[in-house]
Amino acid sequence: MQRAVLFLAAVAVLVAAANAAWVETAYTATLTPDQVVPATSGAEGFGGAAVCILDRNSNPHTLDCEVQTDVDDVSTLQIHRGSRGSNGAIIYSFDTTYQQGFHVRQVVTLVDFYDYTVDQQVSDFLNGQWYLTVGSNDFSGGGIRGQIEHSDRVYSRMDVSNTIPRSSGSSATGVALATYTFFTPARTLQLDFVHNVQKPTGVEIRLGRPGEVGPLVYFFTDARSSVFHSVQYTISEEDDLLDDLQYIQILSQKNPNGEIRGQLIGIDYVPEIAFTSRLSGGQEVPSTNTNNRGCGLVAYDCLTRTLEYLVMHNVPDATGAFVHAAPENNNGAVLFALENFISPIYGSVQLTLEEELILYTQQMYFNIPSEDFNSGEIRGQITVEADWWAYLSGTNVVPPVTTEAVGCATFFLDGEQNRILNYDIHHSVATPQEVTLEIGQEGQNGDLDLVFPSIFSPIRGDSFVLDDDDLEAFVTESSYVTVLSEAYPFIGEVRGQIKRVNPCRATNDNSLTLSVSGVDEGPGFTTYEATSQFTPNGSPRSNSNNSPNSPNSPNTNSATFSFTSYDTNTGGTISGTPRSGTPIRVGLTPISTQETFSRRFLPPESMFSPSNVNGASSLSAPIYFSVIFAAFLLALF
C-alpha cells in the first residue's frame, strides 16, 4: 500500500487580544473648581485629570497616581477621605517640589493609621470615598477638586517616550479621560484631555498597538488643554477601542508628527472570555465535604500568550490559590500561584507554549486550599462547559456606579431544545435586595425578564425554562444580570452582560507526524498510526509562594498510538498505548507504558485535499492540538 505522510501542527492565527486593563484597578478623577466645598472663586477656567491605579496584589498595597493640571504654581496636591459634596481629612500628600509642567506621578504606599486601617482605605477607595485637591498660591479663594471614581471607560497616559519617531526638545505630558456610551448616544466617546504641550496644532486618534504607527481614525483641530471632544464610532472602531488598539497623540508646531502619545486603555471592561470555571468540593480528588463554591473567568490572548483571570470564592479561611495541571478526576502539579487568595482575585500570567497546550486540552484547573483542607477545599476545571458568562461590576450599570462589589456568573443551556438555563452566580454586594435577569443590549437599560430565587451568593440552579423570546435574547447576547441593593434599589449596584465564550486559536509548535496504516472504514474515516515527539518549550515556572506541590518537568519522549475512526467532518478521538520504554506525557499528564489514553480533537480545516481521497499522496494541513474547539463546536448544536 502506498503510504502517505501527514504533518499536523498548530499554526498561529491573528485574533482579538485580551484586554489587559480588565485585571487593573484603575479609577479616575476630573478636577474642577466647582467641586470644591464650599464653592469658591479664583480658579475659574482651570482643570485637571488624574488616573489612580490600585495594586491590590502588592504587599503592602500601593496606589499609582498620575495627575495633570493646567494650574500654575501648584503648592499642594492631596488625597482626602470623603464623599462627593463633603469635606474630609487629608490622608496622603504628594511631593510637588519636583513637578514637571504641572504634572505629578507618584506611587503611594498605603499604611495603617491608628483609626484607619489599610483594609478600610482600600474599601473607601473602591467605593468612591476619596478625592483629590490641588492648591496654588495663585488662588485667593480655593483650588480645584476631583472625586476619584469608577465612571470613566477609557484613560491614556501621554508622554514623549511613546511617540514614533520620538519627539524632540520636549518633556511634555498629558492625561486623557473618556466616558463611552453604547446607546443614547450610540457608540459615543466623550473625551477630555489635559496636557502641557506648547503651541499644540491638533489631536489625533489612530489605530495601532504600542510601538506601531497606524492609520488615522479621528482628528481634532482644537488641541487646547481641558477641551472636551465627542466622537461617534463605527462598530469596527468600537471593537478596536475596546481591545485597546487605539492611541491618542497631541501634535505641535515643533513636533508635527506628535509631541506626546499614549495608548487608550479600557477601564474594567473585558470584551472576550475564553474559558470559565465552576469550583466545588466535589471536584477535589478525593472530594471534600464543603458547601463552599467558586467561579472563574479566564481571558486568553493567543498573540502574547497572556492569561488573565478573575476568581471569586467564599472559602473563609483560604490559605492559597493555585493553577494545577491535570485532567478532571486527577490530581496534578502546580503550574503557578494566583497573585492573591482573597476573593475577588484578579491577575495575569504569561504562559509557556507547554502551558498553553495544557490550557487548550482542558487539563488546567483552579484550586483553593484552606486551613481544613491543605491540599484543596474547592477546585474547578478550566473549560468551556459553562459556555456563557457575565462579569458584573458597577461600571456596567447605566449610568455607572462606583462600588467595590463585583460578580462572576457562568451559564449553560440544557434540556430539550436547550431551553433550561443552568446558572451559577457569585457576587460581593453587601446588601442585596434582588437578583434579576433582564433583556437589553449592552449599555442599555432593558426590561425585567426573570427574578432569581435567591439573593445571596452563590446563586445556583436550573429552575428556569426559557420561552422563545427569552431564548432569542439570551443567545444573541441581549440579556444581562443585575444585583439590586439597598444603596441602588432601582438601577442596580452591579450588572453584567451575558456573552458566549470565544477562545482564540492557539499557537503551539509541538507536532505529530502521522502515516496511514489502517483500512478505510467508510467515507471520511481512516485509522492512523502516529509517532509523537513531544518537546516542551521551557520548563514549568517556579512558584513565588509556598505551594503544596512542586511541578515535575515533563519527559521528552516518543510513543506510537492511533487516531481511531477519525471523522474529518466532526473530529475524533486520539487513543492508544505508548510503545516506548518509558512513560510520555500529554501536557503534564503522565502516560505510562501500556496505559491506554484518549483525547478528543477538532477536525482540521481542509485536512484532505481532493487528491488525497484514497490516501494515495502526501497530505498536509493544520490541525489544532486542542480539546476546546471540538467541545465548543459541539456545544453550538
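Above this text sits the structure in question.
This is a predicted model, so every value here is computed, not measured.

### Side note on the state of the cysteines
Link 1 in the chain: Counting across every chain of the model gives 3 disulfides.
Link 2 in the chain: Disulfide pairing places Cys-52 opposite Cys-65 at an S-S distance of 2.1 Å. Taking the torsion about the sulfur-sulfur bond, which here is approximately 115°, the covalent link between Cys-52 and Cys-65 counts as right-handed. Of the two residues, Cys-52 sits in strand E3 (residues 48-55) while Cys-65 sits in strand E4 (residues 62-69), which places them 13 residues apart along the sequence.
Link 3 in the chain: Its relative accessible area of 0% is what places Cys-65 among the buried residues.
Link 4 in the chain: Between the sulfur atoms of Cys-295 and its disulfide mate Cys-408 the distance is 2.0 Å. Taking the torsion about the sulfur-sulfur bond, which here is approximately -65°, the covalent link between Cys-295 and Cys-408 counts as left-handed. Residue Cys-295 is located in strand E20 (residues 293-301), and its partner Cys-408 is located in strand E28 (residues 406-414); the two are separated by 113 residues in the primary sequence.

### Regarding the sheet that holds strand E9 (residues 144-147)
Link 1 in the chain: Ordered by their spatial adjacency, 4 strands build an open sheet running E6-E5-E8-E9, and the pairing between neighbours is antiparallel. Lying at the two open borders of the sheet, with one neighbouring strand each, are strand E6 (90-93) and E9. Strand-to-strand twist in this sheet, taken as the mean axis angle between neighbours without regard to direction, amounts to 25°.
Link 2 in the chain: Looking at chain direction, strand E8 (residues 130-136) and E9 are connected through 4 bridges and run antiparallel. Counted as the bridge partner of Thr-133 is Arg-145 from E9.

### Focus: the sheet that holds strand E7 (residues 103-109)
Link 1 in the chain: The sheet built from 4 strands is open, its strands ordered E2-E3-E4-E7 with antiparallel pairing. The sheet terminates laterally at strand E2 (25-31) and E7, the two strands that pair on one side only. The mean angle between the axes of side-by-side strands here comes to 15°, regardless of whether they run parallel or antiparallel.
Link 2 in the chain: Inspection of the sheet shows E3 paired to E4 by 8 bridges, in the antiparallel sense.

### Some remarks on the packing of aromatic side chains
Both the distance between ring centres and the angle between the ring planes are used here to describe each pair of aromatic rings.
Link 1 in the chain: Within the structure shown, the criterion is met by 15 aromatic pairs.
Link 2 in the chain: An aromatic cluster is built from Tyr-27, Tyr-92, Phe-113, Phe-125 and Trp-130, whose rings are joined through pairwise contacts.
Link 3 in the chain: The ring of Tyr-131 carries the charged tip of Arg-145 above its face, separated from the ring centre by 3.5 Å.
Link 4 in the chain: Arg-495 extends its terminal NZ or CZ atom over the ring of Tyr-480, reaching a point 3.5 Å from the ring centre.

### Side note on the side chain of Ser-277
Link 1 in the chain: Topologically, Ser-277 is positioned in strand E19 (residues 275-280).
Link 2 in the chain: Among the residues examined, Ser-277 registers a relative accessible area of 1% and is labelled buried.
Link 3 in the chain: Polar side-chain contacts of Ser-277 include one of 3.2 Å to the backbone oxygen of Gln-381.

### A short note on the environment of Arg-145
Link 1 in the chain: Here Arg-145 lies in strand E9.
Link 2 in the chain: Linking Arg-145 and Ile-79, residues 66 residues apart in sequence, is a C-alpha distance of 9.8 Å.
Link 3 in the chain: In this structure the side chain of Arg-145 is engaged in a polar contact, spanning 3.2 Å, whose partner is the side chain of Asn-87.
Link 4 in the chain: Reaching out from Arg-145, the side chain makes a polar contact with the side chain of Gln-147 at a distance of 3.4 Å.

### Quick look at the pairing of strand E11 (residues 173-181)
Link 1 in the chain: Summarising burial for E11: 7 of the 9 residues are buried, a large majority.
Link 2 in the chain: In the sheet, strand E10 (residues 154-159) pairs with E11 via 6 bridges, with the strands oriented antiparallel. Following the sheet pairing, Val-154 is matched in E11 by Ala-178.
Link 3 in the chain: By the bridge criterion, 8 bridges tie E11 to strand E12 (residues 188-195) in an arrangement that is antiparallel.

### Considering a nonpolar patch on the surface
Link 1 in the chain: Judged by side-chain polarity, Val-111, Phe-113 and Tyr-114 come together as a nonpolar surface patch covering roughly 360 Å² of accessible area.
Link 2 in the chain: For Tyr-114, the location among the structural elements is in the loop between E7 and helix H1 (118-126).
Link 3 in the chain: Residue classification places Tyr-114 among the exposed positions, given a relative accessible area of 82%.

### A look at H1
Link 1 in the chain: Considered for burial, the residues of H1 that qualify are Val-118, Gln-121, Val-122, Asp-124, Phe-125 and Leu-126.
Link 2 in the chain: Downstream of H1 by one or two residues, Gly-128 has phi in the positive range, about 75°.

### Re the pairing of strand E21 (residues 306-313)
A regular strand carries its side chains on alternate faces of the sheet.
Link 1 in the chain: Counted residue by residue, E21 has 7 buried out of 8 residues, so it is predominantly covered.
Link 2 in the chain: In the sheet, E20 pairs with E21 via 8 bridges, with the strands oriented antiparallel. Note on E21: the bridge partner recorded for Ala-299 is Glu-308.
Link 3 in the chain: Here E20 folds back onto E21, and the loop between the two strands holds 4 residues, one of which, Arg-305, carries a positive phi near 55°.

Cut-offs and rules
- Residues numbered from 1 in each chain as written.
- Predicted model: local features only at pLDDT ≥ 70, side-chain atom pairs only at ≥ 80, totals over all residues.
- Heavy atoms only, no water.
- Disulfide = S-S within 2.5 Å.
- Helix = DSSP H or I, 4+ residues; strand = E, 2+ residues; numbered from the N terminus.
- Buried < 20%, exposed > 50% of the residue type's maximum accessible area, 1.4 Å probe, protein only.
- Pairing = 2+ DSSP bridges.
- Axes fitted to C-alpha atoms, helices over the stretch in contact; angles between N-to-C directions.
- Phe/Tyr/Trp six-rings, centres within 6.5 Å; stacked < 30°, edge-to-face > 60°.
- Lys NZ or Arg CZ within 6 Å of the ring centre and 35° of its normal.
- Polar contact = N/O pair within 3.5 Å; in protein donor to acceptor, adjacent residues only side chain to side chain.
- Patch = residues over 30% accessible without salt bridge, like charges linked within 9 Å, V, L, I, M, F, W, Y side chains within 5 Å.
- Areas by Shrake-Rupley, 256 points an atom, 1.4 Å probe, with all protein chains shown as cover.
- Salt bridge = Lys/Arg side-chain N within 4 Å of Asp/Glu carboxyl O.

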